[in-house]
Amino acid sequence: MKMVVEKIETKFDQEKVIEEFEDLTKDGGRIQEETLKKILEQNGGTEYLEQWGLNGRTDPQTFKNCVPIVTHNDLEPYIQRIADGDLSPILTGKPVETISLSSGTTQGKPKFVPFNDELMESTMQIFKTSFAFRNREFPIGNGKALQFIYSSKQFKTKGGLSAGTATTNVYRNAQFKKTMKAMCTPCCSPDEVIFGPDFHQSLYCHLLCGLIFRDEVQVVSSTFAHSIVHAFRTFEQVWEALVVDIREGVLSSRVTVPSIRLAMSKLLKPDPELADTIYKKCSRLSNWYGLIPELFPNTRYIYGIMTGSMEPYLKKLRHYAGELSLLSADYGSSEGWVGVNVNPKLPPELVTYAVLPNIGYFEFIPIGGNLNGMEQANSPVGLTEVKLGEEYEIVFTNFAGLYRYRLGDVVKIKGFHNGTPELQFVCRSNLLLSINIDKNTEKDLQLAVEAAAKSLVDEKLEVVDFTSHVNVSADPGHYVIFWELSGEATDEMLQDCCNCLDRSFIDAGYVSSRKVNAIGALELRIVKRGTFHKILDHFVGLGGAVSQFKTPRCVGPKNSSLLQILSSNVAETYVSSAFC
């Protein structure tokens, strides 16, 4: 059997993958019932499911009537017992051997989530389906991918289970490498660079590997758009050192990890001609516009997750990309996958995801304009019962022990692919700026920042990164927005930006509360250059992976270490006079 698998993986059959997807999505309702039945048959004898009195029944109605909708907090005690070494069937019939860590950027600490072979299989199904549709529109030949991917530190839990980020669990799986090879996009960096212990050194070597294989690079990618932008911001700082390494064939002394140095020494040979080419190209660029196609002339597209909290990086990414297409990667989370991008020509701002009906059992809680307490009023509907144009929070059940689990994501139904809905990500339901009757989402914050930052463009300045905080220790409470800028701006300009931010929150509850001073004047705090890099370093120090990093757009009171980093790096503070 093993030989057959290997044969399949060496030849990627694009049309067959698309055909399988079309068949799957034609009868979404039936596939959903079969998927739920399979999950419950595998795991019906677990401690968690037995307590709800299913008694061997696997139909959707009984499942919904008996099993409650839960959050991670409800399942945490069960997952902790698994991590601590309890081998009894707690959440899954088969023992869990691996734990995934969520990014931890929202709550301030990573969540533990079970990871198993079925999740790995669905990951490969997503990757293959996505690639098949992508390759139909943007065909690539035999080449390499410049992937800014980084492993996190893996560790053993108290019970001896391997724990690492979901991306690390995927990258370390042999199936991942086989699939990438079959799809003609093996990573141009050796494993020692991907799994290196110091991400600064790994990033430097990713860039170096990309330059060494510059003519073979056909795709530039990372898990998130932020990592690609971060990589090329770093390139601006280190490009001359990279040119020296290529010219002399000797790796910079800034890379000290022995395993990385050894792996790179096998790739690096003196190449004065390549060094001259890169030097000339970088010297001629105007403000680094079109940097990626200049460095990697055969690149077909740039690929990564570009929705949600990644949207603010699109402007900078387009600057580096020049005329190259930006393709948004698929929709998933540490808990599991949801949908696949089958319309790769859509710009990231309009991208939709077709739900794969066989990778989990999906339910949708109608929002109806009420982001708070939505579960009290609305019963969830099934995959085939959602309505066009409506917004929902996703509830899902997977093969790894999560049952009727609130993912915390709000999506909008933008269309249907055969019998499965196409979703657009709207926001995280728990990421709300709210003090009084105001409710501003992550998207509202992003739009306010974009509106206020427009006045910086004439001065060739940009907002490098931003986040927010609701200060309720003051009376009245007010919004605090933290900005890191690419250079110096005048006090007058920043005061205008502060006022504009305040006015740009157009939620009726916010505006009326500001007018009667139930919400105080917004504060804009400018932080020193490199502050968000410190946040990234802090996150990596906790065991996170750079490729999984998302700047938290709202820093809550529980995330005290992040608030401390931000507060201790404030350079200037401006208070809005917009409603005076």
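Residues numbered from 1 in each chain as written. Predicted model: local features only at pLDDT ≥ 70, side-chain atom pairs only at ≥ 80, totals over all residues. Heavy atoms only, no water.

- Under an unreviewed UniProt entry, the chain has the name Probable indole-3-acetic acid-amido synthetase GH3.5 isoform X6 and belongs to Nicotiana sylvestris.
- Per UniProt, the chain carries the Sequence similarities (unreviewed entry) text "Belongs to the IAA-amido conjugating enzyme family." (UniProt positions renumbered as here; feature names shortened; annotations may be inferred.)

**What about the side chain of Thr 420?**
Part 1: Among the secondary structure elements, Thr 420 is positioned in strand E16 (residues 420-428).
Part 2: One polar contact links the side chain of Thr 420 to the main-chain carbonyl oxygen of Val 355, over a distance of 2.7 Å.
Part 3: Apart from residues lying up to four places away in sequence, Thr 420 is in contact with Thr 25, Ala 354, Val 355, Pro 357, Leu 383 and Gly 415. (Helix = DSSP H or I, 4+ residues; strand = E, 2+ residues; numbered from the N terminus. Polar contact = N/O pair within 3.5 Å; in protein donor to acceptor, adjacent residues only side chain to side chain. Contact = heavy atoms within 4.5 Å.)

**Examining the nonpolar core**
Part 1: Formed by 136 residues in total, the largest nonpolar core has its most connected members in Val 220, Phe 232, Phe 235, Ile 302 and Ile 394.
Part 2: Broken down by element, this core gets its largest block of residues, eleven residues, from helix H12 (residues 225-248).
Part 3: One finds Leu 445, Tyr 479, Leu 501 and Ile 519 within the second-largest nonpolar core, a separate group that totals 30 residues. (Core = buried A, V, L, I, M, F, W, Y, C linked by side-chain atoms within 4.5 Å. Buried < 20%, exposed > 50% of the residue type's maximum accessible area, 1.4 Å probe, protein only.)

**A closer look at the environment of Glu 34**
Part 1: Mapped onto the secondary structure, Glu 34 falls in helix H3 (residues 28-43).
Part 2: Look at Glu 34 and you get partly exposed, because its relative accessible area is 43%.
Part 3: Linking Glu 34 and Pro 60, residues 26 residues apart in sequence, is a C-alpha distance of 9.8 Å.

**Re the packing of H12 against helix H16 (residues 314-321)**
Part 1: Viewed as axis vectors pointing N to C, H12 and H16 meet at an angle of 55°, and their least axial separation amounts to 10 Å. What the angle tells us is that H12 and H16 run oblique. The two elements H12 and H16 cross, and the hand of that crossing is left-handed. In contact with Ala 225, Ile 228, Val 229, Phe 232, Arg 233 and Glu 236 of H12, H16 contributes Lys 316, Leu 317 and Tyr 320. (Axes fitted to C-alpha atoms, helices over the stretch in contact; angles between N-to-C directions. Parallel < 35°, antiparallel > 145°, perpendicular 65-115°, else oblique. Left-handed = near helix turned anticlockwise from the far one by under 90°.)

**Quick word on unusual backbone geometry**
Part 1: The phi torsion at Asn 287 lies on the positive side, around 55°, for a residue other than glycine.
Part 2: You can see Asn 287 is positioned in the loop between helix H14 (272-284) and helix H15 (291-295).
Part 3: A residue is classified by how much of its surface remains accessible, and Asn 287, at 55% relative accessible area, is exposed.
Part 4: With a phi close to 55°, Asn 418 is a non-glycine residue in the positive phi region.
Part 5: Within the fold, Asn 418 resides in the loop between strand E15 (405-417) and E16.
Part 6: Here Asn 418 falls in the partly exposed class, since its relative accessible area comes to 41%.

**Overview of the pattern of salt bridges**
Part 1: Inspection of the entire model under this criterion finds 22 salt bridges.
Part 2: Between Asp 86 and Arg 81 there is a salt bridge; the shortest N-O distance is 3.2 Å.
Part 3: Between Arg 214 and Asp 215 there is a salt bridge, and its shortest N-O distance comes to 4.0 Å.
Part 4: When salt bridges with common partners are traced through the structure, they connect Asp 27, Arg 30 and Glu 34 into a single cluster. (Salt bridge = Lys/Arg side-chain N within 4 Å of Asp/Glu carboxyl O.)

**A few points about H16**
Part 1: Of the residues making up H16, those classed as buried are Leu 314, Lys 316, Leu 317, Tyr 320 and Ala 321. Along H16, the residues classed as buried sweep out an arc of 160° about the axis, all on the same side.
Part 2: Looking at the buried positions of H16, the neighbouring elements they touch are H12, H15, strand E7 (301-305) and strand E8 (325-328).
Part 3: Phi for Gly 322, located one or two positions after H16, is positive at around 60°. (Arc of directions from axis to C-beta.)

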